[in-house]
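Inside the fold
The lines below spell out each chain.
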Amino acid sequence: ETSWTAASGSTFVLTGSGAGFKKFTSPMFGGFDGFDIKVPDPMYNGSMTEGSSTETNSYVYNTWKRAMDTVADPEFINMNLLTAPGLTLESLTTHAVNVCEERAGSLAIIDLPNVYIPSSEIYYSDKSSRIGTTPNSAATALKNRQIDSSYGCTFYPWVQARDEATSRLVWIPPSVAMMGVLASSERKSELWFAPAGFNRGGLSEGAAGIPIVGISERLTSRNRDTLYDANINPIASFPSTGIVVFGQKTLQARQSALDRINVRRLVIFMKKQISILSTQILFEQNVRATWNRFTGLIHPFLHPSMIKKRMGEIFSPLLIKID
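Conventions and cut-offs
Residues numbered from 1 in each chain as written. Predicted model: local features only at pLDDT ≥ 70, side-chain atom pairs only at ≥ 80, totals over all residues. Heavy atoms only, no water. Core = buried A, V, L, I, M, F, W, Y, C linked by side-chain atoms within 4.5 Å. Buried < 20%, exposed > 50% of the residue type's maximum accessible area, 1.4 Å probe, protein only. Helix = DSSP H or I, 4+ residues; strand = E, 2+ residues; numbered from the N terminus. Contact = heavy atoms within 4.5 Å. Pairing = 2+ DSSP bridges. Right-handed = clockwise from strand over helix to strand, strands pointing away. pLDDT = per-residue confidence, 0-100. Axes fitted to C-alpha atoms, helices over the stretch in contact; angles between N-to-C directions.

1. Let's talk about the nonpolar core
Residues Met-48, Trp-64, Leu-82, Leu-87, Leu-92, Tyr-156 and Ile-232 are the most contacted members of the largest nonpolar core, which totals 35 residues. Elements with a contribution of two residues or more to this core: α2 (59-70), α3 (90-103), β2 (107-110) and α5 (135-145). Top contributing element to this core by residue count: α3, with 5 residues. Non-local contacts of Leu-82, meaning those with residues more than four positions away in its chain, are made with Val-71, Ala-96, Val-99, Cys-100, Leu-107, Ala-108 and Ile-109. Core analysis: the second largest hydrophobic core is formed by 21 residues, Ile-172, Ala-177, Leu-182 and Ala-208 among them.

The following block contains the structure:
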């Protein structure tokens, strides 16, 4: 039958003086979804420039930031970890930490720039050229960023894993392995146990949930001390015992109980559980009976007998003080 296009005069079609159509379908063809298909990884760090990339001039920056902002509301999504493996632009990884701090209920695991430069960023023929920094440089760079938050943590260096589907060896950011370590540590014990050391942080023993067979740099004792002083948790390799997570610091600058990952995750857990219990007295009268009811709800959760049963002797003094 007769058909019209925009070239035929869309005003004539829509106004009623012509065909009088009130509805129509406009199929699109050959559109562009925003990703650059000419690069191996359309979300690569190399497409952004620190200090000049923004939401309005970089689709990569805008996509990463919008993804983080999507989970910024704790009422919208319940989570206790946030990470973007491989993302190293400092302004975005700092934003990830800030999002977790504003939520006050999540821990951000961030990756540091140039620890290992994968081929998706730029191709180097030999492995030594892919190492873009040193432990000393990484420690200095993180100190200069002046991040002071117990809601973030980071690890060094990258690790090599075996892809069980293809049996190929691939280099992955430490944040990938640490998600597995945190999960396996929680499964073996509880989320407030330190996700480090040979019992719960042994990567060669399968703590990451995937086979870890190597690290991009072997760290000396001095390297590990330098990183740890800068709140960077080293991943060490020992000839006799294998690869192990050798630290569990947060990015908090000042010394306190919250400069450890296990304590921060413990407090996150407690805050969420107490918040859930508190909903039972929401909008009740601010009277003694309501206070007593609140105490009756919270006290069993923080009682020393429950502490010993669920949280272990190490956290008893902390929780008794809170109680």
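2. Comments concerning the pairing of β2
Taking every second residue as pointing to the same face, both faces of β2 are buried, with Leu-107 and Ile-109 on one and Ala-108 and Ile-110 on the other. Two strands pair when backbone bridges link them, and strand β1 (residues 81-83) and β2 are joined in this way by 3 bridges, in the parallel orientation. Of the residues in β2, the one forming a bridge with Thr-83 is Ile-109. Following the chain from β1 across α3 to the adjacent parallel β2, one finds a crossover that is right-handed.

3. Observations concerning the confidence of the model for the protein
When pLDDT is averaged across the protein, the result is 87; 85% of the residues are at 70 or more. Throughout residues 312-323 the model reports pLDDT below 50, and contacts reaching past four residues in sequence, or to other chains, amount to 20 contacts.

4. Regarding the sheet that holds strand β5 (residues 168-172)
Strands sit in the order β5-β4-β6 across an open sheet of 3 strands; the sheet is antiparallel. Because the sheet does not close on itself, it has two edges, and the strands there are β5 and β6 (212-215). Along the sheet, successive strands turn relative to each other by an average axial angle of 35°, direction set aside. Pairing between strand β4 (residues 159-163) and β5: 5 bridges, direction antiparallel.

5. Some points on the sheet that holds strand β3 (residues 152-156)
Here we have 5 strands laid out as an open sheet, ordered β1-β2-β3-β7-β8, and mixed in their pairing. Pairing within the sheet leaves two strands with one partner each, and these edge strands are β1 and β8 (242-245). The mean inter-strand angle of the sheet, taken between neighbouring strand axes irrespective of direction, is 25°. Inspection of the sheet shows β2 paired to β3 by 3 bridges, in the parallel sense. Residue pairing for β3: Ile-109 is matched across the bridge by Cys-153. Its contacts with the sheet place α3 against β1, β2 and β3, and it is angled at close to 170° to β2. Each of β1, β2, β3 and β7 (233-238) touches helix α9 (residues 261-278); the most contacted strand, β2, lies at about 145° to it.

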